[in-house]
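Spelled out from the first residue to the last, the chains are:
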Amino acid sequence: MRSLSRFEEALTRTNEVFGLVAVGVLRLQHPPPAKVLRQALDALQQRHPLLRTRIEKKRGRAGHTYAFAPVEPPRPFPLEVRDRRDAQQWEVVAEDLFNQP
């Protein structure tokens, strides 16, 4: 694959120290079945090569270098579908996800 840009490398180095986590929570009025959401995420991942990679760290003479490396087979994006019990449920779910690696 390709080497990381300076910005991508800076984010990677920051993540090694502080651990960046992103959680998306969606509330859909008329949600499709979970199977359809899973298929859409899988299709998105197959369409975009960077969504099937990991960041590889290599040690060299000048220190560490980073590059995107393909992952075969790619790990599917995590997807969790829950029925809404109350207005604040998403906060509890998101907080729990932030505390996972």
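Preceding this paragraph is the structure being described.
What comes next concerns the included structure. (Residues numbered from 1 in each chain as written. Predicted model: local features only at pLDDT ≥ 70, side-chain atom pairs only at ≥ 80, totals over all residues. Heavy atoms only, no water.)

A look at the environment of K58
Part 1 of the argument: Mapping K58 onto the fold places it in strand β1 (residues 53-60).
Part 2 of the argument: When its relative accessible area of 46% is taken as the criterion, K58 is described as partly exposed.
Part 3 of the argument: Each residue touching K58, except ones within four places of it in the same chain, is listed here: G63, H64 and T65. (Helix = DSSP H or I, 4+ residues; strand = E, 2+ residues; numbered from the N terminus. Buried < 20%, exposed > 50% of the residue type's maximum accessible area, 1.4 Å probe, protein only. Contact = heavy atoms within 4.5 Å.)

Points about the environment of R38
Part 1 of the argument: Tracing the chain through its elements places R38 in helix α2 (residues 34-47).
Part 2 of the argument: The exposure class assigned to R38 is partly exposed, which follows from its relative accessible area of 23%.
Part 3 of the argument: For the pair R38 and P74, spaced 36 residues apart in the sequence, the C-alpha separation amounts to 14 Å.
Part 4 of the argument: Here R38 is in contact with P76, F77, P78 and L79, once residues within four sequence places are set aside.
Part 5 of the argument: Here F77 takes part through its backbone oxygen, which lies 2.9 Å from a polar atom of the side chain of R38. (Polar contact = N/O pair within 3.5 Å; in protein donor to acceptor, adjacent residues only side chain to side chain.)

Re the pairing of β1
Along any regular strand, the residues point their side chains to alternate faces of the sheet.
Part 1 of the argument: Where β1 meets strand β2 (residues 63-70), 8 bridges bridge the pair, whose relative direction is antiparallel. When the bridges of β2 are listed, T53 appears paired with P70.
Part 2 of the argument: Counting the residues between successive antiparallel strands, the hairpin from β1 to β2 contains 2 residues. (Pairing = 2+ DSSP bridges.)

Concerning the environment of P76
Part 1 of the argument: Inspection of the secondary structure puts P76 in the loop between β2 and α3 (89-98).
Part 2 of the argument: The residues touching P76, leaving out its near neighbours within four places in the chain, are R38, D42 and Q45.

Quick word on unusual backbone geometry
Part 1 of the argument: In this chain, E72 is followed by P73 through a cis amide linkage whose omega measures -10 degrees.
Part 2 of the argument: Counting through the fold element by element, P73 comes out in the loop between β2 and α3.

With respect to a nonpolar patch on the surface
Part 1 of the argument: On the surface, a nonpolar cluster with roughly 320 Å² of combined accessible area is contributed by F7, L11 and L20.
Part 2 of the argument: Take L11: it is sitting in helix α1 (residues 6-18).
Part 3 of the argument: Relative accessible area serves as the criterion here: at 37%, L11 is assigned to the partly exposed category. (Patch = residues over 30% accessible without salt bridge, like charges linked within 9 Å, V, L, I, M, F, W, Y side chains within 5 Å. Areas by Shrake-Rupley, 256 points an atom, 1.4 Å probe, with all protein chains shown as cover. Salt bridge = Lys/Arg side-chain N within 4 Å of Asp/Glu carboxyl O.)

Some words on the pattern of salt bridges
A pair can form between side chains of opposite charge whenever their charged atoms are brought close.
Part 1 of the argument: Applying the stated criterion to the full structure yields 6 salt bridges.
Part 2 of the argument: A salt bridge links D42 to R38; the nearest nitrogen and oxygen atoms lie 3.2 Å apart. Linking D42 with R38, this pair stays in helix α2, spanning 4 residues, or about one helical turn.
Part 3 of the argument: For the salt bridge of E56 with R54, the shortest nitrogen-to-oxygen distance reads 3.0 Å.
Part 4 of the argument: A relative accessible area of 41% means that R54 is categorised as partly exposed.
Part 5 of the argument: What you see here is one network of salt bridges that share partners, running through R54, E56 and K58.

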